[in-house]
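# Residue-level structure breakdown
Listed here are the chains, written in short residue letters.
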Amino acid sequence: MGFTDCDLPLAGQHWEIPPGRYDWVYLMLTGVPRTGWEETVWLHYRGGVDPEFLRPLPGEPAHAPGAVLARVGAARRDDLTALALPALADARVVAFALLESSVDVRRAEGVA
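Let's shift gears to unusual backbone geometry. The residue aspartate 90 is not glycine, and still its phi comes out positive at about 65°. For aspartate 90, the position within the fold is in strand S8 (residues 87-100). Taking relative accessible area as the criterion, aspartate 90 reaches 58% and is therefore assigned exposed.

Counting 24 residues, the largest nonpolar core has Leu10, Trp15, Leu27, Leu29 and Leu80 as the members making the most contacts within it. Excluding its chain neighbours within four sequence positions, the residues that come into contact with tryptophan 15 are Leu8, Leu27, Thr81, Ala82, Leu83, Leu85 and Phe96.

Applying the stated criterion across every chain, the model contains six salt bridges. Residues arginine 55 and glutamate 38 are paired through a salt bridge, measuring 3.6 Å at the closest nitrogen-oxygen approach. Here glutamate 38 lies in the loop between strand S3 (22-31) and strand S4 (39-45) and arginine 55 lies in strand S5 (residues 48-56), a separation of 17 residues in the sequence. Taking relative accessible area as the criterion, arginine 55 reaches 39% and is therefore assigned partly exposed. Three or more residues are tied together by salt bridges with common partners; here these are Arg21, Arg46 and Asp79.

With five of its six residues buried, strand S6 (residues 68-73) lies for the most part within the structure. Looking at chain direction, S3 and S6 are connected through six bridges and run antiparallel. From the neighbouring strand, tyrosine 26 faces S6, where its bridge partner is arginine 71. Where S5 lies against S6, two bridges are found, and the strand directions are antiparallel.

About the thresholds
Residues numbered from 1 in each chain as written. Predicted model: local features only at pLDDT ≥ 70, side-chain atom pairs only at ≥ 80, totals over all residues. Heavy atoms only, no water. Helix = DSSP H or I, 4+ residues; strand = E, 2+ residues; numbered from the N terminus. Buried < 20%, exposed > 50% of the residue type's maximum accessible area, 1.4 Å probe, protein only. Core = buried A, V, L, I, M, F, W, Y, C linked by side-chain atoms within 4.5 Å. Contact = heavy atoms within 4.5 Å. Salt bridge = Lys/Arg side-chain N within 4 Å of Asp/Glu carboxyl O. Pairing = 2+ DSSP bridges.

Next up, the structure:
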């Protein structure tokens, strides 16, 4: 899993990603969270929208300033196309990684 650098404020915006089937979206976050990093992220799939939680990885400081590695689970077996990020003042995404699904569901279902 490789990270891609970016500089994206957490300002409640719609963020398009390369469409694909993912298990996780990893985000390297920086800033000073006022209420912690655990927030709702809306995942936009081809077939609908689901809420999921942005959560720091175990062992990461959930309420401390600085860089934090967090993840969002992509539970729906559909192509993820975008995320609606939370609005957290003074917080940014500085890198991200998209972990592709470990099982090709389309092939397992006989679609591909």
